Amino acid sequence: MDAITPTALRLEYTPEIAAATAPVYERLKRVMPAVEWPFHAPLVHAINQLKKERDAVVLAHNYQTPEIFHGVADIVGDSLALAKQAEKTDAKVIVLAGVHFMAETAKLMNPGKIVLIPDTAAGCSLAESITAEDVRLLRQTYPGVPVVAYVNTSAEVKAEVDICCTSGNAVEVVESLGVPRVIMLPDEYLAKHVASQTSVEVIAWKGHCEVHERFTGDEIREFRGRFDDLVVIAHPECPPDVLEAADFVGSTAHMIQMVEKRRPPRVLMVTECSMSDNIAASLPDVEFVRPCNLCPHMKRITLSNILESLQTLEPRVEIPSELAERARRSVERMLAVQPKPRA
Ligand code: 13P
Ligand code: SF4
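Reading the values: the criteria
- Residues numbered from 1 in each chain as written.
- Chains lettered and ligands numbered in written order.
- Predicted model: local features only at pLDDT ≥ 70, side-chain atom pairs only at ≥ 80, totals over all residues.
- Heavy atoms only, no water.
- Pairing = 2+ DSSP bridges.
- Helix = DSSP H or I, 4+ residues; strand = E, 2+ residues; numbered from the N terminus.
- Axes fitted to C-alpha atoms, helices over the stretch in contact; angles between N-to-C directions.
- Salt bridge = Lys/Arg side-chain N within 4 Å of Asp/Glu carboxyl O.
- Buried < 20%, exposed > 50% of the residue type's maximum accessible area, 1.4 Å probe, protein only.
- Phe/Tyr/Trp six-rings, centres within 6.5 Å; stacked < 30°, edge-to-face > 60°.
- Near = heavy atom within 4 Å.
- 1 Å grid on protein atoms, 1.4 Å probe; cavity = no way out; pocket = protein on both sides within 12 Å on 5 of 7 lines; lining within 4 Å.
- Sits in = over half its atoms within 2 Å of the grid points.
- Nonpolar A, V, L, I, M, F, W, Y, C, P; charged D, E, K, R; others polar.
- Contact = heavy atoms within 4.5 Å.

Caption draft 1: Representation of the sheet that holds strand β7 (residues 181-185) within the structure. Sheet architecture is open: four strands sit in the order β6-β5-β7-β8, paired in parallel fashion. Single-partner strands in this sheet number two, and they are β6 (163-165) and β8 (201-204). When the angles between neighbouring strand axes are averaged without regard to direction, this sheet yields 35°. Here three bridges tie strand β5 (residues 147-150) to β6, and the two strands are oriented parallel to one another. Paired with Val148 across the two strands is Ile163, which belongs to β6.

Caption draft 2: Structural context of the pattern of salt bridges. For the coordinates displayed, the defined rule picks out 18 salt bridges. Asp247 is the partner of Arg224 in a salt bridge, and the nearest nitrogen-oxygen pair spans 3.0 Å. With Arg224 in helix α10 (residues 217-226) and Asp247 in the loop between α11 (240-244) and β10 (248-249), the pair connects residues that are 23 residues apart, well separated along the chain. The class for Arg224 is partly exposed, based on a relative accessible area of 29%. One salt-bridge network, in which partners are shared between bridges, spans Glu133, Arg136, Glu160, Glu322 and Arg326.

Caption draft 3: Fine view of the sheet that holds β10. Read across the sheet, four strands follow the order β10-β9-β11-β12 without closing on themselves; strand pairing throughout is parallel. The sheet terminates laterally at β10 and β12 (287-289), the two strands that pair on one side only. By the bridge criterion, five bridges tie strand β9 (residues 230-234) to strand β11 (residues 266-270) in an arrangement that is parallel. Its bridge partner lying in β11, Ile233 is registered against Met269.

Caption draft 4: Structural view of the packing of aromatic side chains. Applying the stated criterion to the full structure yields one aromatic pair. Taken together, a centroid distance of 5.5 Å and an interplanar angle of 35° make the contact between Tyr25 and Trp37 tilted. With Tyr25 in helix α1 (residues 15-28) and Trp37 in helix α2 (residues 37-54), this pair connects stretches of sequence that are twelve residues apart.

Caption draft 5: The arrangement of the site of ligand 2 in detail. Taken together, Tyr63, Val99, Cys124, Ser125, Leu126, Asn152, Cys209, Val211, Glu237, Cys295, His297 and Met298 make up the full set of residues near ligand 2. Assessed atom by atom at 2 Å from the grid points, ligand 2 resides in the largest cavity. Residue classes in the shell around ligand 2 are distributed as eight nonpolar, three polar and one charged.

Caption draft 6: Just helix α5 (residues 100-109), in detail. Along α5, nine of the ten residues are buried, which leaves the element largely enclosed by surrounding structure. Buried positions along α5 lie against β1 (56-61), α4 (79-88), β3 (93-97), β4 (114-116), α7 (155-158) and α15 (321-336).

Keep in mind these values describe shape, not function.
Here it is as structure tokens:
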């Protein structure tokens, strides 16, 4: 496949582009002022055209900005859904609008595809908190204890562990091992949350998400004091006092499903900022109270670098085959675990 020169595309807000992108803006209008749309629309249009020429799909995490989430994504979801969809896609090219470990997981699940991550610096404080050598040392300290790794880890770490999990299936994964004790890494708070939901003893690594660790229980109680009808929904990467103060705890996909199903009148989403915007766009009957913590890594992905990535077919994610084989086993074991039905 050849690279396309960036100048070959017109990026002006013409009447044709306004008309072609009007249905997208219709979905976004509750969360984006009309004055912003002329900046995004030409990029949205160009990306959607180029995706067809490239036989490409854009997989976008729930934390991507609304213009990516609603404008150019073919599949949106939590990290579990993105891993599954990466495995299923027939497209030649996968653009991962998310962070680097998600793009690596996509490549592990579908090694024959070109997997693009529009900014290679889109990292994750959890993935950076642990190395493969750390896992080998943990195994020496706790011989025979299985190691469960959150997908927010590098391929090198995945290659050293027994099984992966996401925030959407962590309890099921831990219980599927049929053992009294597991090591869970790298997120201490997710591990503690899992320990509170199962009789399996969980040994935790002390990694934290730099976005979720900033929320506090006091902040949640302060919001509750302001609104009588507030329903608080938190991601399990939050500290334990935040989770104790929440009405519901779940992965980003479970948080969205909960709001879509139960339609609480007023919701506090204790997670990354863009998620409330993305669902608010389609749920006019729910009011979102937004304490805003941005993930600087997720925000490295923009319409401009998605377009550039599709034009140049770079930067690509490549994983040496022997490493990929070992890392893939941990992800595949996770995908074989049956999820529990949710309320
Ligand atoms: P989810 O799997 O719940 O989408 O979480 C991924 C993540 O990075 C949250 O910070
Ligand atoms: Fe990593 Fe936290 Fe950003 Fe998710 S929100 S990608 S866990 S730093």
